[in-house]
Amino acid sequence: MSGLSREVVKWLQSLDLTWQIKTPKWDLTNGYLIAEIFSWYYPQEITMHSFNNGTSLDSKSRNWSVLKSFIKRHKLEIAEDYIEGTIHCKEGAAPLLAERIYEILTNRQVRRLPSDYETDFTDRAYQEKLPMHARSTASQSVKNNLRITELMADTSSILGQQKATEIISKHVEHRRQERLEDPRRFNIKPTLGERSTRIPAPPPKEYTELSEPVRSAKKTPTQNKSGSATRTPTVQFKEIQVRQLGQST
């Protein structure tokens, strides 16, 4: 069971479901097995004859409509993103939904390993494992992360454009980060400003090393023979003689 922890797998096997969950992304998308899991704990409220084991969008919508009403009625804390991601077969959404249901029904915590990527329900983790030349382009990224069922469920063209724009923006940002991490791979040459030598600006004059002792030497008083401190005169006077006209020396 790809993406599920060992304790969740053992719990699902103990429920004796209609079929074994091998790939949660595809096995849980229509909500039939989710309803069967809840029927073991709420047999009076969840009856399996109310659900259709189909793969069409109409079957998914009907099954999940009943499940959403049940979840809302019992105030079960399940994120809407987990449900929508599972309906539209988003990467990583179904395992998170199964683990959350396990925590609610068994009152236990799932031990998760720390992930290097944020939970955004995209194929970024898979793309990072591929070599650079095999990774998706912008158009392929939109095709991989924007499902046709999302566009069919919501016919608003504006919403579809917003989702596609968000996917392209993330793709461009990831490519920009790759270019920064490996510039030689993309043959990026440094600009003239990056190659030029940057000389740091000189410090102000009042903080130079040479000016400090000069100023301190000027302010340091001198001592005479008697030991008392005297200041050195800063202005010197010179006596001059003035010869007046008409007077003999």
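What counts, and at which threshold
- Going along each chain's sequence as written, the residues are numbered from 1 onward.
- At least 70 in pLDDT is required for a residue's local features to be given in this predicted model, at least 80 for side-chain atom pairs to be given and counted, and no such filter applies to totals for whole chains, interfaces and linings, which use all residues.
- Hydrogens and water are ignored here; the side-chain numbers use all heavy atoms of the structure.
- Numbering goes from the N terminus for both helices and strands, where a helix is a DSSP run of H or I of at least four residues and a strand is a run of E of at least two.
- Think of it in three bands: residues with accessible area under 20% of the maximum for their type are buried, residues over 50% are exposed, and the middle band is partly exposed, with areas taken using a 1.4 Å probe on protein chains only.
- By definition in these notes, contact holds between two residues if any of their heavy atoms fall within 4.5 Å.
- Each accessible area is a Shrake-Rupley estimate made with a 1.4 Å probe; only the visible protein chains count as cover when residues are assessed.
- The pairing test for Phe, Tyr and Trp rings, Trp by its six-membered ring, is centres within 6.5 Å, and the orientation test on the planes gives stacked under 30 degrees, edge-to-face over 60, and tilted for anything in between.
- Buried and open spaces are told apart on a 1 Å grid over the protein atoms alone, a cavity being a set of points where a 1.4 Å probe fits but cannot get out and a pocket being an open set with protein on both sides within 12 Å along at least five of seven lines. Residues with an atom within 4 Å of a point are the lining residues.
- Grid points are joined across faces, edges and corners, and a volume is the space filled by probe spheres set on the points.
- Among buried residues, those of type Ala, Val, Leu, Ile, Met, Phe, Trp, Tyr and Cys that are joined through side-chain atoms within 4.5 Å constitute a nonpolar core.
- Whenever Lys or Arg places a side-chain nitrogen within 4 Å of a carboxyl oxygen from Asp or Glu, that contact is recorded as a salt bridge.

Regarding the overall build of the protein
When you go through the protein residue by residue, the secondary structure sums to 12 helices and 2 strands. Sequence-ordered secondary structure for the protein, helices as α and strands as β, is α-α-α-α-α-α-α-α-α-α-α-α-β-β. Here the protein holds 249 residues, and the buried ones make up 30% of them. Taking as baseline every contact in the protein between residues at least 6 positions apart, the subset at least 24 positions apart corresponds to 50%. For the protein, the exposed area adds up to about 18,900 Å²; of that, 52% sits on carbon and sulfur atoms.

Thoughts on the packing of aromatic side chains
In this description, an aromatic ring pair is defined by two values, namely the gap between the centres and the angle between the planes. Under the criterion given, the structure shown has 6 aromatic pairs. Residues Tyr42 and Phe70 carry aromatic rings whose centres are separated by 5.1 Å and whose planes lie at 75° to one another, so their mutual orientation is edge-to-face. Of the two residues, Tyr42 sits in the loop between helix H3 (32-41) and helix H4 (57-73) while Phe70 sits in helix H4, which places them 28 residues apart along the sequence. Judged by its relative accessible area of 0%, Phe70 is buried. Clustering of aromatic rings is evident, with ring pairs tying together Trp11, Tyr41 and Tyr102.

Topic: H3
Extensive coverage of H3 is indicated by the burial of 8 of its 10 residues. Turning to H3, its buried residues number three or more, namely Tyr32, Leu33, Ile34, Ala35, Glu36, Ile37, Phe38 and Ser39. On its buried face, H3 is in contact with helix H1 (6-14), helix H2 (24-27), H4 and helix H6 (93-106).

Details of the layout of surface pockets
Computed from the structure, the second largest pocket encloses a volume of approximately 420 Å³. In terms of lining, the second largest pocket is formed by 16 residues, of which the most central are Lys90, Asp120, Phe121, Glu150 and Lys163.

Thoughts on empty space enclosed by the protein
Under the counting rule described, the total for this entry stands at 2 cavities of 30 Å³ or more. The volume enclosed by the largest cavity comes to roughly 240 Å³. Taken together, 15 residues form the lining of the largest cavity, with Arg124, Gln127, Ser141, His171 and His174 sitting closest to its centre. Where the lining of the largest cavity is concerned, the elements lending two or more residues are helix H7 (124-129), helix H8 (138-145) and helix H10 (157-181).

Focus on the nonpolar core
With 32 residues, the main nonpolar core has Trp11, Leu12, Ile34, Ile37, Phe38, Ile78 and Ile101 as its most contacted residues. Those elements that provide at least two residues to this core are H1, H3, H4, helix H5 (80-87) and H6. Beyond its immediate sequence surroundings of up to four residues, Phe38 is in contact with Ile46, Leu67, Phe70, Leu76, Ile78, Ile101 and Leu105.

Describing the pattern of salt bridges
Per the stated rule, a full pass over the model turns up 14 salt bridges. Where Glu150 meets Lys163, a salt bridge forms, and the shortest distance between an N and an O atom there is 3.3 Å. Taken together, the positions of Glu150 in helix H9 (residues 148-153) and Lys163 in helix H10 put the pair 13 residues apart, joining distant regions of the chain. Looking at Glu150, the relative accessible area reads 9%, which means it is buried. Across the pair Arg175 and Glu178 runs a salt bridge whose closest N-O atoms are separated by 3.3 Å. Of this pair, Arg175 and Glu178 both sit in helix H10, separated by 3 residues, roughly a single helical turn. In this structure Arg175 comes out as partly exposed when scored by relative accessible area, which is 27%. Of the residues examined, Glu178 reaches a relative accessible area of 11% and is grouped as buried. Residues joined by salt bridges that share partners form a network here, namely Lys68, Glu80 and Glu84.

That is the geometry; function is a separate question.
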